[in-house]
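# Fold and contact review
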Amino acid sequence: MLTDTSTSRPGTPDTASARRAHDDAPDTMTLFARMAELEEGPERDELRDELVTAWLPMAHRIAGRFRDRGESVEDLRQVAALGLVKAVDRFDPSRGAFESYAVPTITGEVKRHFRDRMWALRVPRRVQELRNRVRVARRELTQNPGTPEPTNADIAEHTGLTEEEVAAGMEALESFSTLSLDAELSSGEDGYSLADTLGAADTSFDVVVDREAAKEGLRRLPERERAILYMRYFEDMTQSRIADQLGISQMHVSRLISRSCARVRDEVLGQRPGGRTTP
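Residues numbered from 1 in each chain as written. Predicted model: local features only at pLDDT ≥ 70, side-chain atom pairs only at ≥ 80, totals over all residues. Heavy atoms only, no water.

Moving on, we get to the pattern of salt bridges. Following the criterion strictly, the structure yields 13 salt bridges and no others. The partner of Arg138 in a salt bridge is Glu149, and the shortest N-O contact between them spans 2.8 Å. Placement of Arg138 in helix α5 (residues 125–141) and of Glu149 in the loop between α5 and α6 (152–159) is noted, with a sequence separation of eleven residues between them. For the salt bridge of Glu216 with Arg220, the shortest nitrogen-to-oxygen distance reads 3.9 Å. If you follow the salt bridges from partner to partner, you end up with Glu216, Arg219, Arg220, Arg263 and Glu267 in one network. (Salt bridge = Lys/Arg side-chain N within 4 Å of Asp/Glu carboxyl O. Helix = DSSP H or I, 4+ residues; strand = E, 2+ residues; numbered from the N terminus.)

The subject of this paragraph is the nonpolar core. Counting 28 residues, the largest nonpolar core has Phe32, Trp55, Leu84, Val88, Phe98, Ile106 and Val110 as its most contacted members. The set of elements that each furnish at least two residues to this core consists of α1 (29–37), α2 (42–64), α3 (73–90) and α4 (98–117). With ten residues, the single largest contributor to this core is α2. Judged by nonpolar contacts, the second largest core, of twelve residues, contains Leu221, Met231, Met237 and Ala243. (Core = buried A, V, L, I, M, F, W, Y, C linked by side-chain atoms within 4.5 Å. Buried < 20%, exposed > 50% of the residue type's maximum accessible area, 1.4 Å probe, protein only.)

With respect to the element layout, Met35 can be found in helix α1. Taking relative accessible area as the criterion, Met35 reaches 3% and is therefore assigned buried. Taking C-alpha positions, Met35 is 6.6 Å from Leu47, a pair spaced twelve residues apart along the chain. With residues near it in sequence (within four places) discarded, Met35 still touches Arg44, Leu47, Arg48, Leu51 and Val88. (Contact = heavy atoms within 4.5 Å.)

Our next topic: the packing of aromatic side chains. Two measures describe an aromatic ring pair: the distance that separates the ring centres and the angle between the ring planes. The final tally for this structure, using the stated rule, is six aromatic pairs. Ring pairing ties together the aromatic residues Phe32, Trp55, Phe91, Phe98 and Tyr101, which thus form one cluster. A cation over an aromatic ring shows up here: Arg232 above the ring of Tyr233, its NZ or CZ 5.8 Å from the ring centre. (Phe/Tyr/Trp six-rings, centres within 6.5 Å; stacked < 30°, edge-to-face > 60°. Lys NZ or Arg CZ within 6 Å of the ring centre and 35° of its normal.)

It is worth spelling out a negative patch on the surface at this point. A cluster of like negative charges, contributed by Glu43, Asp45, Glu46 and Asp49, occupies part of the molecular surface. Structurally, Glu43 is set in helix α2. Overall, the relative accessible area of 48% leaves Glu43 in the partly exposed class. (Patch = residues over 30% accessible without salt bridge, like charges linked within 9 Å, V, L, I, M, F, W, Y side chains within 5 Å. Areas by Shrake-Rupley, 256 points an atom, 1.4 Å probe, with all protein chains shown as cover. Lys, Arg positive; Asp, Glu negative; His and termini not counted. Charge placed at Lys NZ, Arg CZ, Asp CG, Glu CD.)

It is worth spelling out helix α11 (residues 250–268) at this point. The terminal C-alpha atoms of α11 lie 27 Å apart, and with 19 residues this matches the ideal 27 Å at 1.5 Å per residue to within 8%. Regarding α11, the residues found buried are Val253, Leu256, Ile257, Ser260, Val264 and Asp266. Contacts from the buried residues of α11 go to α8 (204–219), α9 (223–233) and α10 (239–246). Directly after α11, the chain includes Gly270, whose backbone phi takes a positive value near 75°. (Expected span 1.5 Å × (residues − 1).)

Scope: geometric values only; no functional claims are made or implied.
Below, the structure written as structure tokens:
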């Protein structure tokens, strides 16, 4: 783990005399100027590592702003450190103070981490942006103590969004975390979980469709064959009992059942007997 070290050099300005916003903002302009003059190589890499080490406490401070959002502080610090490395690599010393460039760069890296990896329920980027605008608007509209919770219409007027867009953003506010299907929704003796309230696919629908499709084919069967199928599949009679009742052999009953079922099946599938497809 990188640690905070001083980057003072003989001849550099006294860091105590420079008025900076935070104690973790070291005076490293001289080091950045030197690095900008160096070509790629070991010396430049060493100077780059020194700059990253010097500014790492600031990256950790920024990461701390995002604690308690479902991500560990250690992981947030790693993401912030990555943003710091990018800031060091891209910073142009002639454009001003490093802190002014690094803070939004590191903050943006952490926000991208949440946007791309921390959503329990994935939503489109446009909806994520609506969520952020709604969240900021709610905070701005409730700054004064005693201010009531703003309505969707209030937020829409404040942001210039439509009420439908505000509603989408409000729904996305709950998308960072999801409720387990095992979550108890009732604390009584007759408690039930979220999973108990959800419907399931009804397999009986397939049976209904099959029965309706077979009706016409069954009606077109000869009366004796319809009777055999009824006795076999609705009265649950054995082939032997059917044969005795009709005065025919069991083998003949078996052939009639097979033939009748094949005929109905072929008609349902749009086929003629013999496997030829109906034009």
